[in-house]
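# Chains, contacts and geometry: an overview
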Amino acid sequence: MGLLDAILGRSKPVRPDLDQLFAVPSAALTLQAATGFTPTGLGSVCFAGVEGGGFARLQEDVRELLDADTERGGIPVEFSRDPYGYTWLLASHPADDTAGLVNDLHAVNTLLQDGGFGPHLLCSLIGFRGAEGADGAEGTEGRSLALVYLYKRGTFYPFAPLPGDAEKRDNQLELQVRGALGDDLRVEKDLSRWFPVWGAPGL
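Summary of the structure given here.

About the cut-offs
- Residues numbered from 1 in each chain as written.
- Predicted model: local features only at pLDDT ≥ 70, side-chain atom pairs only at ≥ 80, totals over all residues.
- Heavy atoms only, no water.
- Helix = DSSP H or I, 4+ residues; strand = E, 2+ residues; numbered from the N terminus.
- Buried < 20%, exposed > 50% of the residue type's maximum accessible area, 1.4 Å probe, protein only.
- Areas by Shrake-Rupley, 256 points an atom, 1.4 Å probe, with all protein chains shown as cover.
- Polar contact = N/O pair within 3.5 Å; in protein donor to acceptor, adjacent residues only side chain to side chain.
- Contact = heavy atoms within 4.5 Å.
- Pairing = 2+ DSSP bridges.
- Axes fitted to C-alpha atoms, helices over the stretch in contact; angles between N-to-C directions.
- Core = buried A, V, L, I, M, F, W, Y, C linked by side-chain atoms within 4.5 Å.

## With respect to the overall build of the protein chain
Per the secondary structure count, the protein chain includes five helices and six strands. Helices and strands in the protein chain line up, N terminus first, as α-α-β-α-β-β-α-β-β-β-α. Within the protein chain, the proportion of its 203 residues that are buried is 46%. Of the roughly 9900 Å² of accessible surface on the protein chain, 49% is carried by carbon and sulfur atoms.

## Let's talk about the side chain of threonine 155
Tracing the chain through its elements places threonine 155 in strand 6 (residues 155–159). Residue classification places threonine 155 among the buried positions, given a relative accessible area of 8%. A polar side-chain atom of threonine 155 sits 2.6 Å from a polar atom in the side chain of glutamate 188. Ignoring sequence-local partners within four residues, the contact set of threonine 155 consists of Val148, Tyr149, Leu150, Arg186, Val187 and Glu188.

## Focus: the sheet that holds strand 4 (residues 121–130)
Spatially, six strands are ordered 2-3-1-4-5-6 in an open sheet, and the strand pairing comes out antiparallel. Edge positions in the sheet fall to strand 2 (78–81) and strand 6, since each of these pairs with one other strand and no more. Pairs of neighbouring strands in the sheet enclose a mean axial angle of 25°, with direction left out of account. Direction of pairing for strand 5 (residues 144–150) relative to strand 6: antiparallel, over a ladder of five bridges.

## Comments concerning the nonpolar core
In terms of nonpolar packing, the biggest core is built from 52 residues, with Leu112, Phe128, Val148, Tyr157 and Leu185 touching the most fellow members. With sequence-adjacent residues up to four places away left out, valine 148 is seen in contact with Cys123, Ser124, Leu125, Thr155, Phe156, Tyr157, Phe159 and Val197.

So far we have only geometry, and geometry alone does not tell us how the molecule works.
What follows is the structure, encoded as structure tokens:
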């Protein structure tokens with residue numbers, strides 16, 4: 001539970017700069033060249049659910065916004081709730097459409113923020129997968145990696161879970177990703193805020 005408590009923050013938050021998300025497509029190219037990880041086309045937004053009709057309507061607005069292109073071959077958005085009661089919205093795009101995915105994530109964050117629910121936004125996540133036989137980090141074929149955007153910090157950090165049931169992460173890979181993306185993204189400097197997001201949709 002330390003993850004979400006810490007993301008909610010005890011100190012005065014930085015004013016969110018959602019346009020930072022638009023740097024992700026370029027960063028994805030850098031990441032692929034440096035580590036062999038490629039986008040999966042999956043991304044998610046995590047927020048604290050708020051009871052009441054207003055929030056329910058806002059959720060419906062989000063669904064309508066992202067499902068608008070379903071008839072043209074788009075993939076409907078999915079909502080889920082984790083064991084802690086936090087809501088995750090999963091958006092899907094073709095793996096080669098990182099820009100479209102980022103647009104969706106940005107739209108969700110903006111809609112929630114403009115609706116007065118900014119304080120309930122926690123993070124956004126963009127999923128990557130280790131390419132088979134790719135150059136870069138060794139032994140990462142098929143492995144999962146996420147770039148996590150901390151809404152209240154306006155920063156990103158990498159999260160690289162190790163395969164298997166145990167909740168362990170690949171710190172060496174995460175630091176390698178930080179080094180590779182330092183010129184592309186505003187990477188969170190405080191490593192204590194690189195919170196694990198075990199089992200997050202889109203990871």
